[in-house]
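As a plain string of letters, each chain reads:
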Amino acid sequence: MTDVTSKKLETQSIDQTIVSFIKYYQTNHRIDPLDSIYFTNKIVELLGKKELKPVEVQAVSDPLALLDQMIEYAIGQNVIKDTLSERDILESKIMDVIVPRPSEVNRAFWDRYKDNKQEATDYFYKLSKDSNYIKTREIAKNIEYTHATEYGEIEITINLSKPEKDPKQIAKAKTEKSDYPVNLLCIENEGYAGNANHPGRTNHRIIRLDVAGEPWGYQYSPYLYYNEHAIFLSEEHRAMNVGEKAIRNLLDILTTFPHYFVGSNAGLPIVGGSILSHDHYQGGRHTFALERAEMEHTFKLRDLPQVTAGIVKWPTSVVRIQSTDKQSMEQAAKKIMTAWGTYEDHSVDIVSFTGQTPHNAITPIARMRGDQFELDLVLRNNRTSEAYPDGIFHPHQSVQHIKKENIGLIEVMGLAILPPRLERELDEVQKYLAGQDVTVEKIHQKWAEQLKEEHGELNETTANEVIRSAVGDVFLQVLKDAGVFKRDQAGKEAFNRFAERLKKV
């Protein structure tokens, strides 16, 4: 085959890909037929082509496969370099062609909301997946399973969805530094082209909404950790402030989206989220183990008879409050947060301040339970010590071979987000337990030997089952480490003392 013939076939193939891509979205009512030529020419331009030959439309079941073909063509034609960032940026630009403008998306969302709130979020969630903003194919790579404990079924995820930067991208990133957008959570990400330091966001859309009288936005996480993993973000650039105002905001969001839960990371390092520089919350439509956990005993708060409070049977330390009255919930939460802010109990290592540096914080989670508002207030403390330099109530050294990162909102509800390194490292442990001659990572060696001593030699299937269960046990211990009041007798008595304090404030 001559080079000329090869190039002709290549051109015909990409032309057919472009036309079939547009036809797919037209057939599925995502593109108006009157716009099809316009959108086709947009993609022609993005791919560096000068013309489009007449071709037959190809039957399509997976439009993202066509997207992949267009990206490979662009690399082959030197339109872009073969790096993760340049691939991501062009993918976003191509998908942006078929996504309605922000004003159209907002109008369609709120029109649906008038009739059915869930139908509105269903529309936006599907749009975010169809546009490849939510990386469904990458998310499907995650390893996910549940693990039974005395506190209910906790969830384990080894996060394989986020691609690691390649050396070429890292080198380019050093020359493309920018302060715009300020961070990954600000409103200015909508439509941003991206660069080596920042993902492509041209296909990104944000729903605007009012939260307690302020302008906010609502979007989904591109790398979902659970069903309909939503992010609510302030339009104003400001740091996280998990105080009385945050509770008001959470309950207001819950009023707007009663079929979602919504929560916030604590506002201090170690026990907070990865982005404390921008005020935001996370929510979605998922039932976590914490929600299924019951209160061990209940009590009343002074001057708030309409609020029920209680201690939840859960490895981290949780005070739950319930009421049909929104204002009373805000008042109750304020009482608890104020009391915890300065609370100390040296018998269980709880110290609220070192000099002027605060240590006590709250991870609040709001949901509807029937007609009642429900708030779980997870008590946190970020103090360190010589014995626990990473944090007294942070995963201790004995479990850091599995999880050493901060324990944030998602983890305290019972969903482990574990690092991608574990896919390879646990495979080595599995082979070791199955009697193969392999080298296990040093950080897992002692753990692997303990498992072998407990279970003997296993085959690959039973070794995998043992490892999954053992990882679940480790994550449960991680949650116990994060609990400020331990589940032993001394911890329960200390928690009860704090509950007695709450009754009087």
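Up top you'll find the structure we're talking about.
What counts, and at which threshold
- Residues numbered from 1 in each chain as written.
- Predicted model: local features only at pLDDT ≥ 70, side-chain atom pairs only at ≥ 80, totals over all residues.
- Heavy atoms only, no water.
- Helix = DSSP H or I, 4+ residues; strand = E, 2+ residues; numbered from the N terminus.
- Rg over C-alpha atoms; globule rule 2.2 N^0.38 Å.
- Buried < 20%, exposed > 50% of the residue type's maximum accessible area, 1.4 Å probe, protein only.
- Contact = heavy atoms within 4.5 Å.
- Areas by Shrake-Rupley, 256 points an atom, 1.4 Å probe, with all protein chains shown as cover.
- Lys, Arg positive; Asp, Glu negative; His and termini not counted.
- Charge placed at Lys NZ, Arg CZ, Asp CG, Glu CD.
- Polar contact = N/O pair within 3.5 Å; in protein donor to acceptor, adjacent residues only side chain to side chain.
- Pairing = 2+ DSSP bridges.
- Axes fitted to C-alpha atoms, helices over the stretch in contact; angles between N-to-C directions.
- 1 Å grid on protein atoms, 1.4 Å probe; cavity = no way out; pocket = protein on both sides within 12 Å on 5 of 7 lines; lining within 4 Å.
- Points joined across faces, edges and corners; volume = space filled by probe spheres on them.
- Nonpolar A, V, L, I, M, F, W, Y, C, P; charged D, E, K, R; others polar.
- Expected span 1.5 Å × (residues − 1).
- Core = buried A, V, L, I, M, F, W, Y, C linked by side-chain atoms within 4.5 Å.

**A word on the overall build of the chain**
Part 1: Scanning the chain from N- to C-terminus turns up 16 helices and 15 strands.
Part 2: Computed over its C-alpha atoms, the radius of gyration of the chain comes to 26 Å, within 12% of the 23 Å expected for a compact globule of 505 residues.
Part 3: Projecting the C-alpha coordinates of the chain onto the three principal axes gives extents of approximately 80 × 65 × 40 Å.
Part 4: The 505 residues of the chain split such that 53% are buried.
Part 5: Sequence separation of at least 24 residues holds for 64% of the intrachain contacts in the chain that already meet a minimum separation of 6.
Part 6: In the form shown here, the chain has an accessible surface area of approximately 23300 Å², with 48% of it arising from carbon and sulfur atoms.
Part 7: Here the chain contributes 63 positive and 74 negative side-chain charges, whose respective centroids are spaced 3 Å apart.

**Let's talk about the side chain of H359**
Part 1: Here H359 lies in the loop between β12 (357–358) and β13 (360–369).
Part 2: For H359, the side chain forms a polar contact with the side chain of N382, separated by 2.9 Å.
Part 3: Among residues more than four places away in sequence, those in contact with H359 are L268, V351, S352, F353, T354, R380, N381, N382 and R383.

**Some remarks on the sheet that holds strand β1 (residues 143–149)**
Part 1: The sheet built from 3 strands is open, its strands ordered β1-β2-β15 with mixed pairing. Each edge of the open sheet carries a strand with a single partner, namely β1 and β15 (415–418). Averaged over all adjacent pairs, the angle separating strand axes in this sheet is 20°, with direction ignored.
Part 2: By the bridge criterion, 4 bridges tie strand β2 (residues 152–158) to β15 in an arrangement that is parallel. Its bridge partner being in β15, I158 is matched across the sheet by L418.
Part 3: The sheet strands contacting helix α15 (residues 460–482) are β1, β2 and β15, and the helix crosses β1 at an angle near 70°.

**Some points on the pairing of strand β3 (residues 207–211)**
Part 1: Of the two faces of β3, the one lined by I207, L209 and V211 is fully buried and the one lined by R208 and D210 carries no buried residue.
Part 2: Relative to strand β4 (residues 214–220), β3 runs antiparallel, the two being bridged by 5 bridges. What sits directly across from D210, in β4, is P215.

**What about the layout of surface pockets?**
Part 1: Reported here for the second largest pocket is a volume of approximately 490 Å³.
Part 2: Surrounding the second largest pocket, 23 residues form its lining, F39, V97, V99, P100 and R101 being those nearest its centre.
Part 3: Counting residues per element, the lining of the second largest pocket draws most heavily on helix α2 (residues 36–46), which supplies 5 residues.
Part 4: Its residues assigned to classes, the lining of the second largest pocket comprises 11 nonpolar, 2 polar and 10 charged.

**A short note on helix α6 (residues 117–130)**
Part 1: With 14 residues, α6 should cover 20 Å at 1.5 Å per step; its first-to-last C-alpha distance of 20 Å lies within 8% of that length.
Part 2: All of the buried residues along α6 are A120, T121, Y123, F124, Y125, L127 and S128.
Part 3: Elements in contact with the buried residues of α6: α5 (102–115), β3 and β4.
Part 4: Its side-chain oxygen 3.0 Å from the backbone nitrogen of Q118, N116 forms the N-cap of α6.
Part 5: After α6 finishes, the residue N132 shows a positive phi value of roughly 65°.

**Details of the nonpolar core**
Nonpolar side chains tend to gather and get buried jointly when the protein is soluble and globular.
Part 1: By size, the foremost hydrophobic cluster in this structure holds 91 residues, and its most contacted members are F21, L47, Y218, F232, I321, F485 and F498.
Part 2: At 8 residues, the largest contribution of residues to this core is made by helix α3 (residues 63–76).
Part 3: In terms of nonpolar packing, the next biggest core, distinct from the first, is built from 50 residues, Y145, Y226, I402 and I407 among them.

**Thoughts on the sheet that holds strand β10 (residues 318–323)**
Part 1: As summarised here, the arrangement of the 10 strands in space is β3-β4-β5-β7-β6-β13-β14-β10-β9-β8, forming an open sheet in which the pairing is antiparallel. Both outer strands of the open sheet, β3 and β8 (295–301), are each paired with one neighbouring strand and no more. Each strand axis lies, on average, 25° off the axis of its neighbour in the sheet, ignoring direction.
Part 2: With 6 bridges joining them, β10 and strand β14 (residues 372–381) adopt antiparallel strand pairing. Bridged to Q322 within β14 is E374.
Part 3: α5 rests against β3 and β4 of the sheet, and its axis sits at about 55° to β3.
Part 4: Packed on one face of the sheet, helix α16 (residues 489–504) meets β8, β9 (304–312), β10 and β14 and runs near 25° to β8.

**Some words on the pairing of β14**
Part 1: Burial of β14 is extensive: 9 of the 10 residues sit out of reach of the surface.
Part 2: Sheet topology places β13 next to β14; 10 bridges connect them, and they run antiparallel. Looking at the pairing, N360 lines up with N381 of β14.
Part 3: From the end of β13 to the start of β14, which pair antiparallel, there are 2 residues, and G370 there has a positive phi angle of about 70°.

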